[in-house]
Amino acid sequence: MPMTRIPNRVLGLGCGQPHGSAEILLKAALRAAQDEGTAVELVRLDELRLPSGGAEDTEPDDAWWLWDRLAECDGLIVSTPVMSRTVAARLKLLGDRLLGPNADAAIIEGLLALRNQGQEPAVPFRIDERVLKPRVAGFLAVGGSLTPQWKTLTLPMMHATTFSMHIAVVDQVQFGGAGTPRSIVLDRGATERSALLGRNVAGQLGVPFDQARYLGPPGLCPMCHLDMVVLRGAEVACATCGARGLLTPAGQVTWTDLSTSVISMAEKRAHAAEIQETAARHGQVRAEIDERAREWEAYDPVVRPGPLR
């Protein structure tokens with residue numbers, strides 16, 4: 001009996017209000033992807049229970065339900081309102097809860113290699129081989145301001161949701177002028193552009209990272225395609241991903257080392273090795289660490305709210 005083919009699936013993460021401007025743009029992208037023959041899902045982060053801190057052990061938690069959807073999808077489209085120059089708080093929380101070392105492609109790659117050699121790592125992170133499957137992504141952001149300085153950190157922060165899992169970002173766009181609820185519908189070009197993003201994502205599902213084509217607006221950095229840089233004299237670093245270059249006397253940037261970008265597997269592997277080496281080194285002096293830390297346990301200026309009435 002022939003196997004049933006599982007269709008490629010695009011997961012849409014809605015980070016704003018249900019039926020708000022960010023969700024309208026996300027639906028435009030997902031519908032366009034669906035029209036290309038792709039299965040789609042929309043998850044509203046506001047509807048999920050994502051406790052943090054000590055509450056993770058005591059409150060209902062949908063984090064790993066969401067993890068399974070992230071791990072199984074072939075494409076990811078994230079849509080967020082712009083909040084104080086950056087992304088919605090729920091997206092930041094998602095990154096802190098799920099998208100750290102457990103989602104790092106280089107760490108998972110290295111742990112699998114150690115396991116195959118019969119060895120144990122210094123830091124035993126959770127291993128989910130699904131992290132290593134190829135995925136592509138697109139980003140949508142919408143805010144009220146018409147000026148760029150009120151959106152500066154949004155797209156860079158969105159890259160934090162994809163670089164760990166080595167997801168190739170193939171398109172990204174942000175919109176302004178939607179300062180009242182659902183008002184993005186006044187901008188027909190915004191929904192049409194979001195639909196194009198959906199098609200750009202759907203058209204590259206299953207494509208390996210190094211073969212994925214970036215189809216969004218051009219940017220200064222050849223890795224993340226954004227324009228934020230750190231200048232130290234003539235030395236340039238991309239503030240989003242860490243690619244390095246030099247500023248020429250004519251004011252142009254010559255990129256000299258893309259391997260330092262956190263988007264590259266080379267930098268991910270170097271970082272993964274650093275984590276394991278640091279843990280191994282600290283393991284040799286764990287008793288000293290604990291003894292020194294006890295001094296700070298005794299100092300306790302903590303204040304707490306009283307019990308709820």
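Above this text sits the structure in question.
Please read all numbers here as calculations on a predicted model, not as lab measurements. (Residues numbered from 1 in each chain as written. Predicted model: local features only at pLDDT ≥ 70, side-chain atom pairs only at ≥ 80, totals over all residues. Heavy atoms only, no water.)

1. Notes on the overall build of the protein
Phase 1 of the analysis: Each helix and strand in the protein was counted, giving eight helices and nine strands.
Phase 2 of the analysis: In summary, the protein has a C-alpha radius of gyration of 21 Å against a globular reference of 19 Å for 309 residues, a match within 12%.
Phase 3 of the analysis: Dimensions of the protein along its principal axes, counting C-alpha atoms only, are 65 × 65 × 60 Å.
Phase 4 of the analysis: Per-residue burial over the protein gives 42% buried out of 309 residues.
Phase 5 of the analysis: Taking contacts inside the protein between residues at least 6 apart in sequence as the whole, the part at least 24 apart equals 67%.
Phase 6 of the analysis: With the model as given, the accessible surface of the protein reaches about 17,100 Å², and the carbon-plus-sulfur share is 53%.
Phase 7 of the analysis: If you average the places of the 32 positive and of the 36 negative side-chain charges in the protein, the two averages end up 6 Å apart. (Helix = DSSP H or I, 4+ residues; strand = E, 2+ residues; numbered from the N terminus. Rg over C-alpha atoms; globule rule 2.2 N^0.38 Å. Buried < 20%, exposed > 50% of the residue type's maximum accessible area, 1.4 Å probe, protein only. Contact = heavy atoms within 4.5 Å. Areas by Shrake-Rupley, 256 points an atom, 1.4 Å probe, with all protein chains shown as cover. Lys, Arg positive; Asp, Glu negative; His and termini not counted. Charge placed at Lys NZ, Arg CZ, Asp CG, Glu CD.)

2. Side note on the environment of Thr191
Phase 1 of the analysis: For Thr191, the position within the fold is in helix H6 (residues 188-202).
Phase 2 of the analysis: For the pair Thr191 and Lys92, spaced 99 residues apart in sequence, the C-alpha separation works out to 25 Å.
Phase 3 of the analysis: Ignoring any residue separated from it by four or fewer positions in sequence, one finds Thr191 in contact with Ile24, Leu25 and Ala28.

3. Notes on the nonpolar core
Phase 1 of the analysis: Leu13 and Leu66 are the most contacted members of the largest nonpolar core, which has 49 residues in total.
Phase 2 of the analysis: Those elements that provide at least two residues to this core are strand S1 (9-14), helix H2 (63-72), strand S3 (75-81), helix H3 (89-98), helix H4 (105-116), strand S4 (136-142), helix H5 (154-159) and helix H7 (265-283).
Phase 3 of the analysis: With six residues, the single largest contributor to this core is H4.
Phase 4 of the analysis: The contacts of Leu13, once residues within four sequence positions are left out, are Leu26, Val43, Leu45, Leu66, Leu70, Leu76, Ile77, Val78, Ser79 and Leu94.
Phase 5 of the analysis: Counting residues in hydrophobic clusters, the runner-up holds 22 residues, among them Leu30, Val142, Ile184 and Ala190. (Core = buried A, V, L, I, M, F, W, Y, C linked by side-chain atoms within 4.5 Å.)

4. Things to note about the packing of aromatic side chains
Phase 1 of the analysis: Inspection of every chain in the model, using the stated rule, returns one aromatic pair.
Phase 2 of the analysis: Taking the centre distance of 5.9 Å and the plane angle of 70° together, the rings of Trp64 and Trp67 count as edge-to-face. Here the residue Trp64 and the residue Trp67 both occupy positions in helix H2, the gap between them amounting to three residues, near one helical turn.
Phase 3 of the analysis: Since its relative accessible area comes to 36%, Trp64 is described here as partly exposed.
Phase 4 of the analysis: Trp67 sits in the buried class, given a relative accessible area of 1%.
Phase 5 of the analysis: The ring of Trp64 carries Arg126 above its face, with NZ or CZ at 4.2 Å from the centroid. (Phe/Tyr/Trp six-rings, centres within 6.5 Å; stacked < 30°, edge-to-face > 60°. Lys NZ or Arg CZ within 6 Å of the ring centre and 35° of its normal.)

5. Some points on the sheet that holds S3
Phase 1 of the analysis: Strands sit in the order S2-S1-S3-S4-S5 across an open sheet of five strands; the sheet is parallel. Since the sheet does not close on itself, it has two edges, and those belong to strand S2 (39-44) and strand S5 (168-175), each with one partner. Taking the axes of each pair of neighbouring strands and ignoring which way they run, one obtains an average angle of 15° across the sheet.
Phase 2 of the analysis: As defined by bridge partners, S1 adjoins S3 across five bridges and the pair is classed as parallel. (Pairing = 2+ DSSP bridges. Axes fitted to C-alpha atoms, helices over the stretch in contact; angles between N-to-C directions.)

6. Some remarks on the pattern of salt bridges
Phase 1 of the analysis: All chains considered together, the criterion is met by 16 salt bridges.
Phase 2 of the analysis: One salt bridge connects Lys27 with Glu23, and the closest N-O pair in it is separated by 3.3 Å. Remark: Glu23 and Lys27 occur in helix H1 (residues 21-35); sequence separation between them is four residues, near one turn of the helix.
Phase 3 of the analysis: Classification of Glu23 as buried rests on a relative accessible area of 3%.
Phase 4 of the analysis: The salt bridge involving Lys133 is made with Asp74; its shortest N-O contact spans 3.2 Å. Here Lys133, found in the loop between H4 and S4, pairs with Asp74, found in the loop between H2 and S3; they are 59 residues apart in sequence, far enough to count as distant.
Phase 5 of the analysis: With a relative accessible area of 25%, Lys133 lands in the partly exposed category.
Phase 6 of the analysis: Residues joined in a network through salt bridges with shared partners are Glu23, Lys27, Arg44 and Glu47. (Salt bridge = Lys/Arg side-chain N within 4 Å of Asp/Glu carboxyl O.)

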